Amino acid sequence: MSSKPSKTLTKAKGFKKSKTGTYLSIGTTAFGALSTLKQVKKARAEHDTLKLVDAVVSAAAIVTGIAILVRELKRIGDDDVLLG
């Protein structure tokens, strides 16, 4: 058995740094925003300030995460590992 990784395995490992992988990460991060919105609504309905603060911090983390992924997407440009 060869210790050198196969071409397919190398492409699979590079998926996360591809445009497709980055789009997938943005989508899953945005999907997390749905549960955060539910958390905000529930906290407001219960007048629970601590839960509301938690939801706002979670929302800020989601926004920051998406911003980082969008920046990474711009950096990838034409250097997409799955295309090359």
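It should be emphasised that the depicted structure is a prediction, and the values quoted were computed from it without experimental measurement.

Student: Which residues make up a nonpolar patch on the surface, and what values do they have?
Tutor: Together, Phe31, Leu34 and Leu37 make up a nonpolar patch on the protein surface, roughly 340 Å² of accessible area in all. Within the secondary structure, Phe31 sits in helix H2 (residues 19–45).

Student: If you had to explain helix H3 (residues 49–76) to someone new, which residues and values would you point to?
Tutor: Its 28 residues give H3 an end-to-end C-alpha distance of 41 Å, which sits within 8% of 40 Å, the value for a rise of 1.5 Å per residue. Within the sequence span of H3, burial applies to Ala55, Ile62, Leu69, Leu73 and Ile76. Its buried side turned inward, H3 meets H2. Measuring from the side-chain oxygen of the N-cap residue of H3 to the backbone nitrogen of Leu50 gives 3.2 Å; that N-cap residue is Asp48. Of the residues flanking the end of H3, it is Gly77, one or two places downstream, whose phi is positive at about 50°.

Student: Outline the pattern of salt bridges, supporting the account with residue identities and numerical values.
Tutor: Going through the model one piece at a time under the given rule, you end up with one salt bridge. Here Lys51 ties to Glu46 by a salt bridge, and the two come within 3.4 Å at their closest N and O atoms.

Calculation rules
- Residues numbered from 1 in each chain as written.
- Predicted model: local features only at pLDDT ≥ 70, side-chain atom pairs only at ≥ 80, totals over all residues.
- Heavy atoms only, no water.
- Patch = residues over 30% accessible without salt bridge, like charges linked within 9 Å, V, L, I, M, F, W, Y side chains within 5 Å.
- Areas by Shrake-Rupley, 256 points an atom, 1.4 Å probe, with all protein chains shown as cover.
- Salt bridge = Lys/Arg side-chain N within 4 Å of Asp/Glu carboxyl O.
- Helix = DSSP H or I, 4+ residues; strand = E, 2+ residues; numbered from the N terminus.
- Expected span 1.5 Å × (residues − 1).
- Buried < 20%, exposed > 50% of the residue type's maximum accessible area, 1.4 Å probe, protein only.
- Contact = heavy atoms within 4.5 Å.
- Polar contact = N/O pair within 3.5 Å; in protein donor to acceptor, adjacent residues only side chain to side chain.

Nothing here speaks to function; it is geometry throughout.
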